[in-house]
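Chain and residue survey
Below are the chains, spelled out letter by letter.
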Amino acid sequence: MRQDNGKNLRGMFLFPILILALCASLLLVISKGSTDISLSVVYGILNDQIFHGGMGLKEGLWARADYQIIWNIRLPRVLFGILCGAGLGLCGAVMQALVLNPIADPYILGISSGASSGAACALLLPIPFFSGQYQTTIMAMIGALISSFLVYFMARFAGGGKLHPVTLLLSGTAINAVMSAVTGFLIFIAKSSESIASVYNWQMGSLAAAQWSTITVPAFGVCLGLIVCVSQSGKLNLMMMGDEDAAALGLSVKHFRAGMFIICSIIVASLVSVTGIIGFVGLVVPHVARLLLRSSNNKFIIPLSALSGAIYLMWADSLARSAFRAAELPIGIITAFVGAPFFLFLMIRKNYRGQNG
Amino acid sequence: MKIEFRDICVDAGGKKILHEVNLTAECGKMTGIIGPNGCGKSTLLKTTLGISPMEAGEILLDGASLAGFSNKKLAQLYGYVGQDSDCVFDFTAYEIVSMAAHIRGKTSKKSEKEIVMNSLEQLEIPHLKDRNIQSLSGGERKMVFIARAFAQGVDTIILDEPTNHLDIKHQLFILDILRKSKKTILIVLHDLRLAAHYCDTLYLMKQGKAVYSGSPSEVLQKDRVRQVFGVEGFASEKEDGTLDFHLQMN
């Protein structure tokens, strides 16, 4: 937007620095784990697989075990972390603009738990259509969309036909509780202990299910979401001025908000169906991006949130894998430990007042 | 652009907020709406945004029904400065004003900058351009939002109590700018002295109805002011031909 006041300069420095940090983190995180592998081997195997079609492996330049660990186990997981962090970060930024409240994210607005209960239905109930991951993803999307619509209409009803930021957050909290209860009930009536364990894992969030075979749908969801959200960043800026001002500046507020909620639900569902609920990422990351950029301009904040979210979740997952050698810590615990105090810090730092609330 | 409100009825929570309001803002004139708190002035202005449902009535823009226009088209026809315009996010004054620049259609980066700077200069606030909107005073914020309406490049502006938060010098400054702009202005004012001096036509509202309309000297008669506001006051002509409002205070 502005060319002459240093903000763009800040962005111009931040993007290359964060992209470098992302690449460096990727190598470092892949090298760390139950067996540490040297960075040069990690780089060599990735370079060989991506640019030389695996010639080095055929020539026996590195051990097959290292290749298995790096290429088939850790890389898909780290890429999944990147997708997950980017997706949740950008959804957080978008939702904060949509509901005009800096303390909104897919978790707080109940969309994550909606997706989770949809996915739990797929895992625990006999659903006649589709199967495997597609069934889980589709059910998660349905759950997320139901949650979004319930939150939206409850908030409108409570606000007497208008959408107040505070009522939106409150109805989000209510739907979050209801959807978590639905998941809990499904676990209660389920017969298989294996399914119960996997649903339980989900409520805490984990990237352990990440494999090459499960990465396609989330990759598609996040990339498409990123493109759409960046292209709509100008309109998201208008939304940040409040419904009346946004309408006065030419935006069809209702349709735009509904459309963007659907897009966020699809992104979140594509992730939650594999990873479960990872809370607070969408809340923390856009704020860090705004602090770094010292602006709320979505043209920069959305890609910056995606980038910082990717780096954040990659390291959070690395910590989840390595904190306790014997067992893996659910990543949701780490993001909650970081996110909840940050949430408090935000409330103390600023006296949040909703635009209309 | 001429704006006509015809038989506007708005209900909220089972209560009638506006009841068959008729009002016309003539082209190039300043039309003022006055009335006690809660009489429906702001609700009437908000009907022009097309986001609050009306029970009955019609708004005509140069004779064409508002319902037939998209929000984007409406933003090309008139600007709106709300009573509650504010922002809880970190935008600079420049960024806020530039949000209106897209309304003019495809503009190059340079012309966007020109549009924004011209608007800021018109309101004599170019020094605020890099300031965070949240660090500005209420009055400064108001000036930024009025600059944004100017940046839309429209010939009609609707303003809801734009003089709120402004000191007396800036109240006069804003109203002078609006009058000199020769735009069609539809404005809600609380200060009857300013309304008498600046407006070409006044509408006096009470309990959701436009009870009197006409020139300020017609509307601000002693008995009418007493009936609507419950105070003693009247407009009278000064030596230079302009109107002043006299309020009797105990």
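By the naming in an unreviewed UniProt entry, chain B goes by ABC transporter domain-containing protein and is assigned to Lacrimispora algidixylanolytica.

Going by what an unreviewed UniProt entry lists, chain A is known as ABC transporter and is assigned to Lacrimispora algidixylanolytica. In its Sequence similarities (unreviewed entry) section, UniProt records this for chain A: "Belongs to the binding-protein-dependent transport system permease family. FecCD subfamily." The annotation that UniProt attaches to chain A under Subcellular location (unreviewed entry) is "Cell membrane".

1. Some details on the overall build of chain B
Counting secondary structure elements, chain B contains 9 helices and 12 strands. Computed over C-alpha atoms, the radius of gyration of chain B comes to 18 Å, within 12% of the 18 Å expected from 2.2 N^0.38 for 250 residues, which places it in the range of a compact globule. Counting every position in chain B, which comprises 250 residues, the buried fraction comes to 51%. The contacts in chain B between residues at least 6 apart in sequence include a share of 61% that link residues at least 24 apart. Accessible area of chain B: about 11,000 Å², with a carbon and sulfur share of 47%. Each charge class in chain B was averaged separately, 31 positive and 32 negative side chains, and the resulting centres sit 3 Å apart.

2. Quick look at the overall build of chain A
When its secondary structure is counted, chain A shows 15 helices and 0 strands. Taken against the 2.2 N^0.38 rule, which gives 21 Å for 357 residues, the C-alpha radius of gyration of chain A at 21 Å falls within 12% of a compact globule. Across its three principal directions, the C-alpha atoms of chain A cover 70 × 60 × 35 Å. In chain A, buried positions account for 57% of the 357 residues. When contacts within chain A are restricted to residue pairs at least 6 apart in sequence, those whose partners lie at least 24 apart make up 76%. When the accessible surface of chain A is totalled, it reaches about 14,900 Å², and 71% of it is carbon and sulfur.

3. Points about the pairing of strand 3 (residues 30-34) of chain B
Residue and element names in this part refer to chain B. With 5 of its 5 residues buried, strand 3 lies for the most part within the structure. Side-chain alternation along strand 3 places Met30, Gly32 and Ile34 on one buried face and Thr31 and Ile33 on a second face that is also buried. Direction of pairing for strand 3 relative to strand 8 (residues 184-188): parallel, over a ladder of 4 bridges. Note on strand 8: the bridge partner recorded for Gly32 is Ile187. Strand direction decides the pairing type here: strand 3 and strand 9 (residues 201-206), joined by 4 bridges, are parallel. Paired with Thr31 across the strands is Thr201, a residue of strand 9.

4. As for the sheet that holds strand 5 (residues 64-65) of chain B
Residues and elements named next belong to chain B. Spatially, 4 strands are ordered 2-1-4-5 in an open sheet, and the strand pairing comes out antiparallel. Edge strands, defined here as strands with exactly one partner in the open sheet, are strand 2 (15-25) and strand 5. Examined bridge by bridge, strand 1 (residues 3-12) and strand 4 (residues 56-61) share 5 bridges and lie antiparallel to one another. Across the sheet, residue Arg6 finds its bridge partner in strand 4, namely Glu58.

5. A few points about the side chain of A:Gln96
Its place among the elements puts A:Gln96 in helix 4 (residues 64-98). Only 2.8 Å separates the side chain of A:Gln96 from the side chain of A:Arg290, close enough to count as a polar contact. Ignoring sequence-local partners within four residues, the contact set of A:Gln96 consists of A:Asn101, A:Pro102, A:Ala104, A:Gly282, A:Leu283, A:Pro286, A:His287, A:Arg290 and B:Phe89.

6. A short note on the interface of chain A and chain B
Reports of interface size often rely on the accessible area that becomes lost once the parts have come together. Across the boundary between the two partners, chain A contributes 31 residues, which contact 34 residues of chain B. A buried area of about 2,900 Å², summed over both sides, lies between chain A and chain B, and 54% of it is on carbon and sulfur atoms. At the boundary of chain A and chain B, one finds 2 salt bridges. The residue A:Asp245 makes a salt bridge to B:Arg148 at a minimum N-O spacing of 2.6 Å. Here chain A and chain B share 6 residue pairs in polar contact (both at pLDDT 80 or more) between them. The element that contributes the greatest number of residues to the side of chain A that touches chain B is helix 11 (residues 243-248) of chain A, accounting for 5 residues. Partitioning the side of chain A that touches chain B into residue classes produces 10 nonpolar, 11 polar and 10 charged.

7. With respect to the nonpolar core
Grouped together as the largest cluster of nonpolar side chains are 173 residues, with contacts concentrated most on A:Val94, A:Leu98, B:Leu178, B:Ile187 and B:Leu220. In terms of residue count, the dominant contributor to this core is helix 4 of chain A (19 residues). Mapped onto the domain boundaries, this core takes at least three residues apiece from domain 1 (3-78 + 154-247) and domain 2 (91-153) of chain B. Filtering out sequence-adjacent residues up to four positions away, B:Leu178 remains in contact with B:Met30, B:Phe150, B:Leu159, B:Lys183, B:Ile185 and B:Ile187. Counting residues in hydrophobic clusters, the runner-up holds 27 residues, among them B:Met1, B:Leu44, B:Leu45 and B:Leu186.

8. A short note on unusual backbone geometry
All names here are of chain B. Its identity as a non-glycine residue notwithstanding, His165 has a phi of 70°, on the positive side. Locating His165 in the fold gives a position in the loop between strand 7 (156-160) and helix 6 (168-180). Although it is not a glycine, Lys182 adopts a positive phi angle of roughly 60°. The residue Lys182 is located in the loop between helix 6 and strand 8 in this model.

9. Observations concerning a nonpolar patch on the surface
Nonpolar side chains collect at one region of the surface, where A:Leu9, A:Met12, A:Phe13 and A:Ile17 lie side by side and expose about 460 Å² of accessible area between them. Judged by its relative accessible area of 57%, A:Met12 is exposed.

10. Details of the layout of surface pockets
The computed volume of the largest pocket comes to approximately 1,000 Å³. As for the largest pocket, its lining consists of 41 residues, and the residues nearest its centre are A:Gly161, A:Lys162, B:Ile51, B:Ser52 and B:Pro53. Residue composition of the lining of the largest pocket, by class: 13 nonpolar, 17 polar and 11 charged.

11. Looking at the pairing of strand 1 of chain B
Residue and element names in this part refer to chain B. In terms of strand pairing, strand 1 meets strand 2 through 7 bridges, oriented antiparallel. When the sheet's bridge partners are listed, Ile8 is paired in strand 2 with Val21. Between strand 1 and strand 2, which follow one another and run antiparallel, lie 2 residues, and Gly13 among them has a positive phi close to 55°.

12. Some remarks on the packing of helix 5 (residues 111-124) of chain A against helix 8 (residues 193-204) of chain A
Residue and element names in this part refer to chain A. The interhelical angle for the contact between helix 5 and helix 8, taken along N-to-C directions, is 170°, at an axis separation of 10 Å. In terms of orientation, helix 5 lies roughly antiparallel with respect to helix 8. Contacts from Ser116, Ala119, Ala120, Leu123 and Leu124 of helix 5 reach helix 8 at Ser195, Ile196, Ser198, Val199 and Trp202. Partitioning the contact of helix 5 with helix 8 into residue classes produces 7 nonpolar, 3 polar and no charged.

Rules and cut-offs
- Residues numbered from 1 in each chain as written.
- Chains lettered and ligands numbered in written order.
- Predicted model: local features only at pLDDT ≥ 70, side-chain atom pairs only at ≥ 80, totals over all residues.
- Heavy atoms only, no water.
- UniProt positions renumbered as here; feature names shortened; annotations may be inferred.
- Helix = DSSP H or I, 4+ residues; strand = E, 2+ residues; numbered from the N terminus.
- Rg over C-alpha atoms; globule rule 2.2 N^0.38 Å.
- Buried < 20%, exposed > 50% of the residue type's maximum accessible area, 1.4 Å probe, protein only.
- Contact = heavy atoms within 4.5 Å.
- Areas by Shrake-Rupley, 256 points an atom, 1.4 Å probe, with all protein chains shown as cover.
- Lys, Arg positive; Asp, Glu negative; His and termini not counted.
- Charge placed at Lys NZ, Arg CZ, Asp CG, Glu CD.
- Pairing = 2+ DSSP bridges.
- Polar contact = N/O pair within 3.5 Å; in protein donor to acceptor, adjacent residues only side chain to side chain.
- Buried area = accessible area lost by both parts, 1.4 Å probe.
- Salt bridge = Lys/Arg side-chain N within 4 Å of Asp/Glu carboxyl O.
- Nonpolar A, V, L, I, M, F, W, Y, C, P; charged D, E, K, R; others polar.
- Core = buried A, V, L, I, M, F, W, Y, C linked by side-chain atoms within 4.5 Å.
- Domains from an automatic or database assignment.
- Patch = residues over 30% accessible without salt bridge, like charges linked within 9 Å, V, L, I, M, F, W, Y side chains within 5 Å.
- 1 Å grid on protein atoms, 1.4 Å probe; cavity = no way out; pocket = protein on both sides within 12 Å on 5 of 7 lines; lining within 4 Å.
- Points joined across faces, edges and corners; volume = space filled by probe spheres on them.
- Axes fitted to C-alpha atoms, helices over the stretch in contact; angles between N-to-C directions.
- Parallel < 35°, antiparallel > 145°, perpendicular 65-115°, else oblique.

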